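What follows is the residue order along each chain.
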Amino acid sequence: MTTSNIETPLIGGPQPVASNNEDSPLNGVKVGVVTFPGSLDDRDAVRAVRLAGGSAIHLWHGDHSLQDVDAVIIPGGFSYGDYLRAGAISRFAPLMEQITEAASGGADALPVLGICNGFQVLTEAHLLPGSMIKNNDLHFICRDQRLRVENADTFWTSEYAQGEELVIPLKNQDGQFVADNYTLDELEGEGRVVFRYVGGNPNGSRRDIAGISNAAGNVVGLMPHPEHAVEAGFGPDSSARGEVEVRGGTDGLGIFTSVLKKLVG
Amino acid sequence: MPRIVVDVMPKPEILDPQGKAIAGALPRIGLTGFAGVRQGKRFELTVDGDVTEEVLEQARHAATTLLSNPVIEDVTRVEVLEEDAQ
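Residues numbered from 1 in each chain as written. Chains lettered and ligands numbered in written order. Predicted model: local features only at pLDDT ≥ 70, side-chain atom pairs only at ≥ 80, totals over all residues. Heavy atoms only, no water.

Spelled out, the test is: UniProt positions are given in the numbering used here, feature names are shortened, and annotations may be inferred rather than shown by experiment.
For chain B, the name recorded in an unreviewed UniProt entry is Phosphoribosylformylglycinamidine synthase subunit PurS, with Arthrobacter burdickii as its organism. Listed in UniProt under the heading Subunit (unreviewed entry), the comment for chain B reads: "Part of the FGAM synthase complex composed of 1 PurL, 1 PurQ and 2 PurS subunits." Turning to chain B, the UniProt record has this under Sequence similarities (unreviewed entry): "Belongs to the PurS family."

## Here we look at the overall build of chain B
The test is simple: A helix here means a DSSP run of H or I that spans at least four residues, while a strand means a run of E at least two residues long, and both kinds are numbered starting from the N terminus. Using C-alpha atoms as the atom set, the radius of gyration is obtained and then compared with a globule rule of 2.2 Å times the number of residues to the power 0.38. Throughout, exposure labels follow a simple rule: accessible area from a 1.4 Å probe, protein chains only, divided by the maximum for the residue type, with under 20% read as buried, over 50% as exposed, and the rest as partly exposed. Contacts are assigned to residue pairs with any non-hydrogen atoms lying within 4.5 Å of each other. Surface accessibility in these figures is a Shrake-Rupley result with a 1.4 Å probe; residues are shielded only by whichever protein chains are displayed. In this tally, Asp and Glu contribute negative charge and Lys and Arg positive charge; neither His nor the terminal groups of the chain are included. Where a charge sits is defined by one atom per residue type, namely NZ (Lys), CZ (Arg), CG (Asp) or CD (Glu).
Helix and strand content of chain B: two helices and three strands. Shown N-terminal to C-terminal, the secondary structure of chain B runs as helices and strands in the order β-α-β-α-β. The C-alpha atoms of chain B give 16 Å as radius of gyration, which overshoots the globular expectation for 86 residues (12 Å, by more than 25%). Within chain B, the fraction of its 86 residues that count as buried is 29%. Partitioning the intrachain contacts of chain B with sequence separation of at least 6 by distance along the chain shows that 77% fall at a separation of at least 24. About 5400 Å² of surface is accessible on chain B, with carbon and sulfur atoms providing 54% of the total. Here chain B carries 9 positive and 15 negative side-chain charges, and the mean point of each set is 12 Å from the other.

## Side note on the sheet that holds strand β3 (residues 73–80) of chain B
Residue and element names in this part refer to chain B. Note the threshold: By definition, two strands form a pair when at least two bridges between them are found by DSSP. Axes, fitted as lines to C-alpha atoms, cover a helix only where it is in contact. Angles between the N-to-C directions of the axes lie from 0 to 180 degrees.
Pairing in this open sheet of three strands is antiparallel, and the strands run β2-β1-β3 from one edge to the other. In this open sheet, the two strands that pair with only one neighbour each are β2 (41–46) and β3. Taking the axes of each pair of neighbouring strands and ignoring which way they run, one obtains an average angle of 20° across the sheet. Inspection of the sheet shows strand β1 (residues 3–10) paired to β3 by seven bridges, in the antiparallel sense. In the sheet register, Met9 faces β3, and the bridge partner there is Asp74. Of the strands in this sheet, β1, β2 and β3 touch helix α2 (residues 53–67), which is tilted by about 160° from β3.

## Focus on the pairing of strand β6 (residues 141–149) of chain A
Residues and elements named next belong to chain A. For β6 and strand β7 (residues 165–172), the ladder comprises eight bridges, and the chain directions are antiparallel. Across the sheet, Arg143 pairs through a bridge with Leu170, a residue of β7. Pairing of β6 with strand β9 (residues 193–197), which is carried by three bridges, proceeds in the antiparallel orientation. Directly across from Arg148, in β9, lies its bridge partner Arg196.

## Side note on the nonpolar core
The test is simple: The nonpolar core is taken to be a set of buried Ala, Val, Leu, Ile, Met, Phe, Trp, Tyr and Cys residues, with the residues joined through side-chain atoms within 4.5 Å.
Counting 68 residues, the largest nonpolar core has A:Val72, A:Ile73, A:Ile74, A:Val112, A:Phe177, A:Phe195 and A:Phe256 as the members making the most contacts within it. Sequence-distant contacts of A:Val112, that is, excluding residues within four places in its chain, are made with A:Val72, A:Ile74, A:Ile99, A:Ala103, A:Leu122, A:Trp156, A:Asn218, A:Val219 and A:Val220.

## Here we look at the sheet that holds strand β10 (residues 209–213) of chain A
Residues and elements named next belong to chain A. Strands sit in the order β2-β1-β3-β4-β11-β10-β9-β6-β7 across an open sheet of nine strands; the sheet is mixed. Of all strands in the sheet, those with a lone pairing partner are β2 (55–60) and β7, marking the two edges. Ignoring which end each strand starts from, the neighbouring axes of this sheet average 25° apart. Pairing geometry for strand β1 (residues 30–35) and strand β3 (residues 71–74), over three bridges, is parallel.

## Focus: the interface of chain B and chain A
This is how it is decided: Buried area is calculated as the accessible area (1.4 Å probe) missing from two parts once they are joined, with the contributions of both summed. Each salt bridge in this description consists of a side-chain nitrogen of Lys or Arg and a carboxyl oxygen of Asp or Glu lying within 4 Å of one another. Counting of polar contacts relies on pairs of N or O atoms within 3.5 Å, with two restrictions inside protein: one atom must be capable of donating a hydrogen and the other of accepting it, and residues adjacent in sequence are counted only when both atoms are side-chain atoms.
The partner chain A presents 17 residues to the 15 residues of chain B that form the contact. Here chain B meets chain A over a buried area of about 1300 Å², counting both sides, of which 66% is carbon and sulfur. Together, B:Pro17, B:Leu66 and B:Asn69 form the three largest contributors to the area buried by chain B at its contact with chain A, with a combined 35%. Taken together, the links from chain B to chain A amount to one salt bridge. A salt bridge links A:Arg85 to B:Glu73, with the shortest nitrogen-to-oxygen separation between them at 3.6 Å. Taken together, chain B and chain A are joined by six residue pairs in polar contact (both at pLDDT 80 or more). If you list the elements that add at least two residues to the side of chain B that touches chain A, you get α1 (17–25), β2 and α2 of chain B.

## Some words on the packing of aromatic side chains
As a reminder of what qualifies: Pairing of aromatic side chains here covers Phe, Tyr and the six-membered ring of Trp, requires ring centres within 6.5 Å, and sorts the geometry by plane angle: under 30 degrees stacked, over 60 edge-to-face, intermediate tilted. Should the NZ of a Lys or the CZ of an Arg lie within 6 Å of a ring centre and within 35 degrees of the ring normal, that charge is described as sitting over the ring.
Per the stated rule, a full pass over the model turns up one aromatic pair over all chains. Above the plane of the ring of A:Phe234 lies A:Arg47, whose end atom (NZ or CZ) is 5.8 Å from the centre.

## Regarding the confidence of the model for chain B
For clarity, the threshold we go by: The quantity called pLDDT is the predictor's confidence in a given residue, expressed from 0 to 100.
Looking at chain B as a whole, its pLDDT mean stands at 93, while 97% of the residues score no less than 70. Model confidence for the complex is summarised by a pTM of 0.90, with the ipTM given as 0.82.

## Brief notes about the side chain of A:Asn218
All names here are of chain A. Along the chain, Asn218 falls in the loop between β10 and β11 (219–222). Since its relative accessible area comes to 3%, Asn218 is described here as buried. A polar side-chain atom of Asn218 sits 2.9 Å from a polar atom in the side chain of Asn214. Each residue touching Asn218, except ones within four places of it in the same chain, is listed here: Ala103, Ala109, Leu110, Pro111, Val112, Phe155 and Trp156.

Structure (structure tokens):
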């Protein structure tokens, strides 16, 4: 076991968590996870990458180098305290300039996933259209949420079947996705609605949208948290894949195996 | 020191959940004369020296790139505060 594969457990004693298979080619895929001041779920995202079998690299918002990572995750939290607007200040972080440039390239553009606050950062950076406003009822929502994979053809969803459903945690205050009708029609028409809420819209998001992609398909943002549903014992109490034991839901793991397998080819 | 004030308001077509909540609270304190409330933001940019046209242009640039998100908000005012202008 190499040092880079050791991760402090979320709770409990110091048991190192290794990748699933040390000899797997997935282990050679480097996924960077950005930490901003106020990021909360960066270590969860790192852990999810390692549990999926990849190598996770910690990236710091103030740095100028992407350290040759093959993909980037912008995790959840409250970057810069969400002062001004959620994600507004992060957009101008030095590393975000590198990410924006690398993600805007052509066919081999950098795959980027924004989760929750990361999704908000991606809209502020104009890598994804639309914006996020306060939840309809002004409540902070924290619950297990059912989603449908509307596009299983992205870097981040290829391990799922088209139309497959997932149960992963949702926890946010500013999760209501808004965009003008022209943009919404464009997203629908181009298959860029990647995830949709199922079983009730939790926050008033336009057209029940929970996640979208950019036109090239390498940048995906979603509000709920797949990184909190990757390990039995620490996940949701339910799964869209059938009965699970308490905290046994691992429906989010496919997000992370998707990008690893896509990059390995 | 002169101050430039920047007002940012949610776009009319965007639901303003905060404004809606405040509108709901007004009748509870006995104020029934208002049909609606919208909540925006006011920024005050303090200038060290004269407010030149260049400084004002920088304030407009700040207003549209950082202080507001054009998807959901409009910049409704960028001007020098009158009380400071002498």
